[in-house]
Amino acid sequence: MKNLSIKDLQPGMVVAEPIFTSSGQRILDANTTLTSESIYRLSFYSVSRVNIIEADAEGTGEPGSAASIPNPSRASNPSYSQRIKAQPEFMKYQIEYTKQINSIHEVFDSIINHPEAPIDTKQILKNFTSMISVCRTTVDLFDKLHNMRLDDDSVYAHCLNVALIARIIGKWLRFSPQERDVLTLCGLFHDIGKTSIPDEILNKPDKYTDDEFTLIKQHPLFGYKILKKLPLDDRIKKAALHHHERHDGSGYPQGLNGSDIDDYAGIIAIADVYDATTAARSYRSPLCPFQAIAMFEKDGLQKYSPQYILTFLDRIASTYQNNRVLLNSGQSATIVMINSKHLTKPMIQMDDGSVIDMLSHPELEIVKII
């Protein structure tokens, strides 16, 4: 066993004993293999030193050496995700992200337990924008967002993600700063109704029963009831109530359609679905952005407000121009030009230098950003 400073920890090292916060909360169990996410979590909770199991005599060398990292070939040729996580500012973003999740949790608890207490939306927005300031560009923010997936992607993490995505959409739509602030708060509060659903149902890994799904579909009503009497902009309350309504009338809980759905709720609906599809679930891996775009292109144009969904899809696809991607054929390529008429079928340059128009190759699909 060797005692190492937090700054000397590396992914692949194994924790020798359970690690607790200063208040006694268990962070990691003994024999846990460290990842970049668990190391930043230790840093967030101000853990200064950790006991690590030393490599055996036959093996691989001292802890902290390159040999202690699984699959060193990947370290010498890092993937897109690994390059993002290796950036110095990613650790700062992770810490700010976790602080925001904890803050949202505290705000929700305060609203539910003390509904008469005032809500400091200015402080909430100030904390939120401090996290955004870590990101240099919109592309940088989406990169960090996609690589900041937590193991459970809780209601609070999802609300934070939706707020981030919605704020970007507001920027793309040329909303004023004040309008973007309201849209951000719509995202942060949109799923507060899920706190009224028992965790054993909300986090159930299996398929919901009919009764369970009926209860889940009530969460917009629960959220509206929680927010109804609070001194908040009405658009925030309607976002909680309407974010599962659909433009063609196929949504819930009221089966509204078209102009009956609040505009801001229509934007939150898009951000909500995009975040849900690009997050991992117990029953599937996360979809890559282009797979999510394909899903929207398939039936989303009827379900979402045209003035918002078309802007979102065009801009989110353009965000990944010049990125390297993995195809379902196993080949890799670089996106050269987005096809405005079919966003998931861009012009790509293969590794051998040849250029392919994916529109002429319907069998090819983008399955991963690499």
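Heads up: the structure comes first, above all this text.
Residues numbered from 1 in each chain as written. Predicted model: local features only at pLDDT ≥ 70, side-chain atom pairs only at ≥ 80, totals over all residues. Heavy atoms only, no water.

*Asks:* Just to check I follow, could you spell out the side chain of His 244 for this structure?
*Replies:* With respect to the helices and strands, the residue His 244 is situated in the loop between helix H12 (234–242) and helix H13 (263–277). With residues near it in sequence (within four places) discarded, His 244 still touches His 219, Pro 220, Gly 251, Tyr 252 and Asp 272. (Helix = DSSP H or I, 4+ residues; strand = E, 2+ residues; numbered from the N terminus. Contact = heavy atoms within 4.5 Å.)

*Asks:* Just checking my understanding: could you explain the packing of aromatic side chains for this structure?
*Replies:* Evaluation of the coordinates by the stated rule reveals 12 aromatic pairs. Here the aromatic rings of Phe 90 and Tyr 93 are separated by 6.4 Å at their centres, their planes lie at 25°, and the arrangement is stacked. With a gap of three residues between them, Phe 90 and Tyr 93 both fall in helix H4 (residues 88–113), about one helical turn apart. Since its relative accessible area comes to 1%, Phe 90 is described here as buried. Judged by centre distance (6.2 Å) and plane angle (15°), the ring pair of Phe 142 and Trp 172 falls under stacked. Note that Phe 142 is positioned in helix H6 (residues 138–146) and Trp 172 in helix H7 (residues 155–172), a separation of 30 residues in sequence. For Phe 142, a relative accessible area of 0% corresponds to the buried category. Its end group placed over the ring of Tyr 264, Arg 235 keeps NZ or CZ at 4.7 Å from the ring centre. (Phe/Tyr/Trp six-rings, centres within 6.5 Å; stacked < 30°, edge-to-face > 60°. Buried < 20%, exposed > 50% of the residue type's maximum accessible area, 1.4 Å probe, protein only. Lys NZ or Arg CZ within 6 Å of the ring centre and 35° of its normal.)

*Asks:* Whenever I open this one, the environment of Gln 307 confuses me. Can you help?
*Replies:* Along the chain, Gln 307 turns up in helix H15 (residues 306–319). Since its relative accessible area comes to 49%, Gln 307 is described here as partly exposed. In the structure, Gln 307 is positioned 40 residues away from Ile 267 in sequence and 9.8 Å away in space, judged by C-alpha atoms. Setting aside its immediate chain neighbours within four residues, Gln 307 contacts Leu 173 and Asp 263.

*Asks:* In this structure, what is going on with the pattern of salt bridges? I would like to understand it.
*Replies:* Pairing between side chains of opposite charge can happen when their charged atoms approach one another. For the structure shown, the criterion picks out eight salt bridges. In this structure, Lys 194 and Asp 191 form a salt bridge, with 3.4 Å as the shortest nitrogen-oxygen distance. Relative accessible area serves as the criterion here: at 1%, Asp 191 is assigned to the buried category. Arg 324 serves as the salt-bridge partner of Asp 351, at 3.0 Å between the closest nitrogen and oxygen. (Salt bridge = Lys/Arg side-chain N within 4 Å of Asp/Glu carboxyl O.)

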